[in-house]
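Chain by chain, the residues run as shown.
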Amino acid sequence: MKVLIATDKPFAKVAVDGIRKEIEAAGYELALLEKYTEKKQLLDAVKDANAIIIRSDIIDAEVLDAAKDLKIVVRAGAGYDNVDLDSATAHGVCVMNTPGQNSNAVAELALGLMVFAVRNFYNGTSGTELMGKKLGIHAYGNVGRNVARVARGFGMEIYAYDAFCPKEVIEKDGAKAVDSAEELYATCDVVSLHIPATAETKNSINYALLNKMPKGAMLVNTARKEVINEAELIKLMEDRVDFKYVTDIMPSAHAELAEKFAARYFSTPKKMGAQTAEANINAGIAAANQIVGFFKDGCEKFRVNK
Ligand code: 3PG
């Protein structure tokens, strides 16, 4: 059995060592394709793979066609919008994710971006504090819950909206559950986005929603760039000189945002929310164990396609 780690953005070495240990203990072989620059390298590497561990790497119909012996793809992480699920199903390939394994890392980065932004990107001028500010958590999944936990330590007042999470779950954590995204944005000084990129959410963060936020508002995006309507975000930031946008996913309109709003906009150069040794170990080893469980016991827990 051959398991391929295909990561454009590599795991920490300690995580790769841990994955290797699990895979080899099961009697399987591990292959590694890191930092590839061309799709052809991925197409070549998947040819004889029975299982693949990926991060945000794109697994589309062409990759699935090339991977003749493939049975399972595990996305070591939460979001699986990078995998063509219908094509995987048509190819008889099981797709899984590893929910929760990297969420603390992403949550810590979200808070780090908030501090960076309220302190004016560490430019030496007088900024503001997070204590006492109203934080809106948009989607209360694994990352949202960790953001709430860390933000509580900063003394923020926490609100959350999640169409799929019962209010009691949110309120049990001491956050206030609101009834709509509109209410969340109208209430909060800072909104932290944790929604996945789906047909329903793409472009959903638009001018009308953001313009409900109070004066001096900030949007923090460690989720996906596709959920933002970038043209409307730019228009909003032109109209609202008080508004800040900080993100871990470089927008398609990065150059324009950086040029127009240098003092109110920041993007990391490469998505790094989950880029910690701990998150890599947690998600990578979970992925390895899920592959072993799939082949040895037929376990399909965490399967995300039909
Ligand atoms: C996720 O969906 O798990 C996060 O966005 C992290 O993605 P990454 O593995 O590409 O860093």
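Keep in mind it's a predicted model, so treat the numbers as computed, not measured.

Parameters at a glance
Residues numbered from 1 in each chain as written. Predicted model: local features only at pLDDT ≥ 70, side-chain atom pairs only at ≥ 80, totals over all residues. Heavy atoms only, no water. Pairing = 2+ DSSP bridges. Helix = DSSP H or I, 4+ residues; strand = E, 2+ residues; numbered from the N terminus. Contact = heavy atoms within 4.5 Å. Axes fitted to C-alpha atoms, helices over the stretch in contact; angles between N-to-C directions. UniProt positions renumbered as here; feature names shortened; annotations may be inferred. Parallel < 35°, antiparallel > 145°, perpendicular 65-115°, else oblique. Left-handed = near helix turned anticlockwise from the far one by under 90°. Nonpolar A, V, L, I, M, F, W, Y, C, P; charged D, E, K, R; others polar. Domains from an automatic or database assignment. Buried area = accessible area lost by both parts, 1.4 Å probe. Salt bridge = Lys/Arg side-chain N within 4 Å of Asp/Glu carboxyl O. Polar contact = N/O pair within 3.5 Å; in protein donor to acceptor, adjacent residues only side chain to side chain.

A word on the sheet that holds strand E8 (residues 176-177). The 7 strands are arranged E8-E7-E6-E9-E10-E11-E12 in an open sheet whose pairing can be described as parallel. Two strands in the sheet have a free side with no partner beyond their single neighbour: E8 and strand E12 (265-267). Pairing of strand E6 (residues 134-138) with strand E9 (residues 190-193) involves 4 bridges; the strand directions are parallel. Paired with His138 across the bridge in E9 is Leu193. Set on the sheet, helix H6 (residues 142-153) makes contact with E6, strand E7 (157-161) and E9; between it and E6 the angle comes to about 165 degrees.

When the UniProt feature table is mapped onto this chain numbering, "domain: D-isomer specific 2-hydroxyacid dehydrogenase NAD-binding" (unreviewed entry) sits at residues 123-253. Taken as a whole, residues 123-253 contains 30% helix and 18% strand, while its terminal C-alpha atoms sit 24 Å from one another.

It is worth spelling out the packing of helix H5 (residues 103-118) against H6 at this point. Relative orientation and spacing of two packed helices are given, respectively, by the angle between their axes and the distance between those axes. Orientation of H5 relative to H6, taken along the N-to-C sense of each, is 50 degrees, at an axis distance of 8 Å. The orientation of H5 with respect to H6, classified from their angle, is oblique. Both H5 and H6 take part in a crossing whose hand is right-handed. Of H6, the residues touching H5 (which contributes Ser103, Asn104, Val106, Ala107, Ala110 and Leu111) are Asn142, Val143, Asn146, Val147, Arg149, Val150 and Ala151. Across the contact of H5 with H6, the residue classes break down as 8 nonpolar, 4 polar and 1 charged.

Taken domain by domain, the protein consists of domain 1 (2-101 + 275-297) and domain 2 (103-267). The C-alpha centroid of domain 2 is placed 30 Å from the C-alpha centroid of domain 1. Where domain 1 abuts domain 2, roughly 470 Å² becomes buried across the two surfaces, and 43% of that area is made up of carbon and sulfur atoms. Looking at the side of domain 1 facing domain 2, the largest losses of area belong to Asp81, Gly100 and Thr276, adding up to 65% of the total buried there. Remark: the boundary between domain 1 and domain 2 carries 1 salt bridge. In this structure, Asp81 and Arg224 form a salt bridge, with 3.1 Å as the shortest nitrogen-oxygen distance. Inspection of the domain 1/domain 2 interface yields 2 residue pairs in polar contact (both at pLDDT 80 or more). When the residues that make up the side of domain 1 that touches domain 2 are grouped by side-chain class, the tally is 2 nonpolar, 4 polar and 2 charged.

Read across the open sheet, the 5 strands follow the order E2-E1-E3-E4-E5; overall the sheet is parallel. Across the chains shown, the open sheet's two edge strands, defined by having one partner strand only, are strand E2 (29-34) and strand E5 (94-97). Direction aside, the axes of adjacent strands within the sheet are offset by 20 degrees on average. In terms of strand pairing, strand E3 (residues 51-54) meets strand E4 (residues 72-75) through 4 bridges, oriented parallel. Counterpart to Ala51 in the pairing with E4 is Ile72. Its contacts with the sheet put helix H12 (residues 277-297) on strand E1 (2-7), E3, E4 and E5, and the angle it makes with E3 is roughly 160 degrees.

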